[in-house]
Amino acid sequence: MKAGIEGDIGKEILFYNTVNSTNTIAAELAERGAPEGLVVLADSQQKGRGRLGRTWLSPPGVNIYMSIILRPVLKPRDITLITLMAAISCTIALRRATGLKAEIKWPNDLMVSNKKIGGILTELKMSPERIIFAVTGIGINVNVDISEFADEVKEIATSVKNETGIPHSRTVLIREILDETDRWRRFLNNEEGRKRLLSEWQHLTSTLGKKVMVIVGKERFTGLAESIDDMGMLILRLSSGELKKISSGDLTILRG
Ligand code: BTN
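Residues numbered from 1 in each chain as written. Predicted model: local features only at pLDDT ≥ 70, side-chain atom pairs only at ≥ 80, totals over all residues. Heavy atoms only, no water.

Asks: Which residues make up the pattern of salt bridges, and what values go with them?
Replies: All told, the structure shown has 23 salt bridges when counted by the stated rule. A salt bridge links Asp250 to Arg54; its shortest N-O distance comes to 2.6 Å. Of this pair, Asp250 sits in strand β13 (residues 250-253) while Arg54 sits in the loop between β3 (39-45) and β4 (64-70), and the two are 196 residues apart along the sequence. Relative accessible area serves as the criterion here: at 25%, Asp250 is assigned to the partly exposed category. Among the salt bridges present, the one from Arg186 reaches Asp182, with a minimum N-O distance of 3.1 Å. Accessibility expressed as a relative area gives 11% for Asp182, which makes it buried. (Salt bridge = Lys/Arg side-chain N within 4 Å of Asp/Glu carboxyl O. Helix = DSSP H or I, 4+ residues; strand = E, 2+ residues; numbered from the N terminus. Buried < 20%, exposed > 50% of the residue type's maximum accessible area, 1.4 Å probe, protein only.)

Asks: How would you summarise the environment of Thr205 if you had to cite specific residues and measurements?
Replies: With respect to the element layout, Thr205 can be found in the loop between α6 (191-204) and β9 (211-216). The spacing of Thr205 and Glu103 is 102 residues in sequence and 5.3 Å in space, taken between C-alpha atoms. Those residues in contact with Thr205 that lie beyond four places of it in its chain are Ile104 and Trp106. (Contact = heavy atoms within 4.5 Å.)

Asks: Just give me the short version of the site of the ligand, but keep the residues and values in it.
Replies: Around the ligand lies a shell of 20 residues, among which Ser21, Gln45, Arg49, Arg51 and Lys116 are the nearest. Here Ser21 contributes a side-chain N or O atom positioned 2.7 Å from an oxygen atom of the ligand. Interatomic distance of 2.7 Å between a backbone N/O atom of Arg49 and an oxygen atom of the ligand. Against a free-state accessible area of 420 Å², the protein chains account for coverage of 98% of the ligand. Among the elements of the structure, α1 (22-31), β4, β7 (115-126) and β8 (131-140) are those that each provide at least two residues to the shell around the ligand. A total of 4 residues in the shell around the ligand trace back to one element, the largest contributor, which is β7. Looking at the shell around the ligand, its residues break down into 6 nonpolar, 10 polar and 4 charged. (Near = heavy atom within 4 Å. Polar contact = N/O pair within 3.5 Å; in protein donor to acceptor, adjacent residues only side chain to side chain. Areas by Shrake-Rupley, 256 points an atom, 1.4 Å probe, with all protein chains shown as cover. Nonpolar A, V, L, I, M, F, W, Y, C, P; charged D, E, K, R; others polar.)

Put into structure tokens, the structure is as follows:
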């Protein structure tokens, strides 16, 4: 099925009942020259992928599984900014469409009441000089029943329905996400815009100012999440007082 909305992002939407992963389909289309803004949407995924090689649970009829092709004018060093941009767009869209106080946990977790409600997986093709295309994959738990989650997942994950007590329209939320992405992706392409993105991200995050633990491969760092730098890297103040910059990892907010 093909459908579209007004901005360049989502002008063309390809809808599938089921796919292995919307990110894989979008990457294949981008490889064959599909334009910025093409969206791949599926009702379910057989092999939904999360960050760090994890599986993304993708049952039918309830959630959002969507990938957007982007072609930003960016250097490979700036790739984290694409994910931060997508997190900003999804957080604003979630707030507007559901009234929930969605927040971002660095780098890309969408959180409500300290539980994960969605995530973003950005995959890229690049040359040494530039990003050729990016596929931003967005997964949001909309109407999935929390009781369907395994016990260990229930502790850390939630859905829009679980938080509001009522089912929500996936279409309304998708529309808001695409409108916001259409607005915020323009900020990726120049210095002033990138500053604006970083300041909006800081406004929407729940991570800064908190004591956190970050696992990076086999290493683990604990400290105060002080800020992010101009590439979106997390700046951590370790207990030794030393500053540590981290480009990606698994972050837990610690109490106290
Ligand atoms: C995360 O681990 O937080 C990222 C999850 C990203 C899931 C989305 S669902 C749509 C797209 N297709 C995938 O296979 N993954 C992303």
